[in-house]
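# Reading the structure
Chain residues, written in single-letter form:
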Amino acid sequence: MDAAGLMTGALNEEIKRLTGLGLHRRCVEEDLPRVAALTLEINRLKRERNAVICAHVYQTPEIILGVGDLTGDSYKLADDCRRTAADSIIFCGVHFMAETAKILNPSKKVYVPSANAGCSLSEAITAADVRKLKAEHPGLPVVTYINTSAEVKAESDCIVTSANAEKILRRMYEAHDKVIFIPDRFMGANLARALGKTPGRDIILWTGTCIVHEKFDPELIKVYRRRYPGLVALAHAECPTELINAVDYMGGTGDMMRYVENTDAAAYLLVTECGFGELARLKFPKKNFIAMCRLCPYMKSITLASVLALLKDPAPKEVTVPAAVAARAKTAIEKMFELAA
Ligand code: 13P
Ligand code: SF4
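Numbers given for residues are sequential positions, taken from 1 along each chain in its written order. Chain letters and ligand numbers both follow the written order, the letters beginning at A and the numbers at 1. Thresholds applied to this predicted model are a pLDDT of at least 70 for local features of residues and 80 or more for the giving and counting of side-chain atom pairs; totals over whole chains, interfaces and linings are not thresholded and use all residues. Computation of side-chain values: all heavy atoms of the structure, hydrogens and water removed.

Counting its regular elements, the protein chain contains 15 helices and 13 strands. Its C-alpha radius of gyration of 21 Å places the protein chain within 12% of the 20 Å reference for a compact globule of 341 residues. Per-residue accessibility, obtained with a 1.4 Å probe over protein chains only, is compared with the maximum for each type, and a residue is labelled buried under 20%, exposed over 50%, and partly exposed between these values. In the protein chain, which comprises 341 residues, the share counted as buried stands at 56%. We call two residues in contact when some of their heavy atoms are within 4.5 Å. Pairs at least 24 residues apart make up 65% of the contacts formed inside the protein chain by residues separated by at least 6 positions. Using a 1.4 Å probe, the Shrake-Rupley method yields the accessible areas, and only the shown protein chains count as cover for residues. For the protein chain, the accessible area works out to roughly 14,800 Å², and carbon and sulfur atoms hold 53% of it. Put simply, DSSP H or I for four residues or longer makes a helix, DSSP E for two residues or longer makes a strand, and each gets a number counted from the N terminus. C-alpha atoms define the radius of gyration, and 2.2 Å times the number of residues to the power 0.38 defines the globule rule.

As structure tokens, then:
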């Protein structure tokens, strides 16, 4: 067989593989052969460069299932990348996730395919803000959501993710009457209430919000419930409290996926970023999902084309963290692993 014949054969095999993953059911704008040509080349270059691709659940299913090696929520990705034998980590997620991977794996090269993969929460607070908060509230532990910069983590006592924030806050309250929780004011208030605490009195909050989760309308939940009897509504803990009060379950993306897997509802309303619902539909094709989602522009700035471009020219997309900042941030991240275990 000549080179062209071999290429066609490999492409057909890749189309078959992606079809087996259910991706043919969602290729509307991008036809499957085009996706397959990209995933084939990305996976080839990835092996050649001994790189591993981490893909957060808010990425497109083509990225998660087509080229992702380590996939899941921000806790799982941070934890899993500590054990990879690859020389480099390509993070299909947002910048703070890649920074966390770099802090935990200083000898590896870490890359993000897009320069626009920020996060409104991460941008809401600086290290100087944290120092000021600590000066205003001496002695209180600083519990910091992972959606923050390395510099902010370096000023913190313990990092949390949506997967362990409630558990870790509960542990913190065993030793303290009051804690500082930054930067997500909605998540902090939701968790405090879940623990029987009063926002303002028992928890000092910052002003940060997620631009995706802050805008869901609680009134719509009632409309969906009337339309779909037996509907179970799940919302990410970054949503405002009025929205959380209107749903049946609050959690992080990992908790929400496990909830869907382990229950058998007539329909699920997933109040979070759209990628999560797309993935849930592919993972559980027999379950019924109702669309109520918003796109995260930061997460969606990553595409298969940008992953391929990175593999061809990685240097401009490398993520670095100054050693002194990384050392202090690592202590706070390791505290999370210890308390979440
Ligand atoms: P998870 O840790 O739940 O995946 O959340 C990350 C995130 O950015 C949610 O908006
Ligand atoms: Fe940040 Fe919100 Fe996007 Fe998550 S969904 S990365 S919290 S802006």
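By nearness alone, every residue bordering ligand 2 is listed as Tyr58, Val94, Cys119, Ser120, Leu121, Asn147, Cys210, Val212, Glu238, Cys296 and Tyr298. Partitioned by chemical class, the residues of the shell around ligand 2 number eight nonpolar, two polar and one charged. Any residue with at least one heavy atom within 4 Å of a molecule or strand is counted as near it. Asp, Glu, Lys and Arg are counted as charged, while Ala, Val, Leu, Ile, Met, Phe, Trp, Tyr, Cys and Pro are counted as nonpolar; the rest, among them Gly, fall into the polar class.

This part is about the pattern of salt bridges. When their charged atoms lie close together, side chains carrying opposite charge are able to pair. The salt bridge definition used is simple: a Lys or Arg side-chain nitrogen within 4 Å of an Asp or Glu carboxyl oxygen. Applying the stated rule across the entire model yields 24 salt bridges. Close ionic contact of Glu48 with Arg44 constitutes a salt bridge, the shortest N to O distance being 2.8 Å. Residue Glu48 and its partner Arg44 are both found in helix H2 (residues 32-48); the two are separated by four residues, about one turn of the helix. Residue Arg44 is classed as partly exposed on the basis of its relative accessible area of 39%. The partner of Glu338 in a salt bridge is Lys335, and the shortest N-O contact between them spans 3.5 Å. Within this pair, Glu338 and its partner Lys335 are both found in helix H15 (residues 323-340), separated by three residues, close to a single helical turn. Classification of Lys335 as partly exposed rests on a relative accessible area of 30%. Connected via shared salt-bridge partners are Lys76, Asp79, Asp80, Arg82 and Arg83.

Okay, the site of ligand 1 next. Around ligand 1 sit His56, Tyr58, Asp73, Ser74, Tyr145, Asn147, Ser162, His213, His236, Glu238, Gly252 and Thr253, and that is every residue in its neighbourhood. Nitrogen and oxygen atoms within 3.5 Å of one another constitute a polar contact, given that in protein one can donate a hydrogen and the other can accept it, and given that sequence-neighbouring residues count only through two side-chain atoms. One of the side-chain N or O atoms of Ser74 is found 2.4 Å from an oxygen atom in ligand 1. One nitrogen or oxygen atom from the side chain of Ser162 is found 2.6 Å from an oxygen atom belonging to ligand 1. Within the complex, the protein chains bury 96% of what would otherwise be the 300 Å² of accessible surface of ligand 1.

Once that is clear, we can look at the pairing of strand S11 (residues 267-273). Most of S11 is tucked away, with seven of its seven residues classed as buried. In this structure, strand S9 (residues 231-236) lies alongside S11, joined through five bridges in parallel fashion. Among the inter-strand pairings, Leu231 is bridged to a residue of S11, identified as Ala267. A pair of strands is considered paired only if DSSP assigns at least 2 bridges between the two. In this sheet, strand S12 (residues 289-290) lies alongside S11 in parallel orientation, the contact comprising two bridges. The residue of S12 that forms the bridge with Tyr268 is Phe289. Crossovers are marked right-handed if the path from the first strand over the helix to the second runs clockwise, as seen with the strands pointing away from the viewer. In the classification by handedness, the crossover that spans S11, the intervening helix H13 (residues 274-283) and the parallel S12 is right-handed. As judged from the two bridges shared by S11 and strand S13 (residues 293-294), these two strands associate in the parallel manner. What sits directly across from Thr272, in S13, is Cys293.

Below, the discussion takes up the sheet that holds strand S7 (residues 179-182). Strand order in the open sheet made by the four strands is S6-S5-S7-S8, with parallel pairing throughout. Sheet topology places strand S6 (158-160) and strand S8 (203-205) at the edges, where each strand pairs with a single neighbour. Direction aside, the axes of adjacent strands within the sheet are offset by 25° on average. Examined bridge by bridge, strand S5 (residues 142-145) and S6 share three bridges and lie parallel to one another. Axis angles are defined between N-to-C directions and span 0 to 180 degrees, where every axis is a line fitted to C-alpha atoms and, for a helix, only to the segment in contact.

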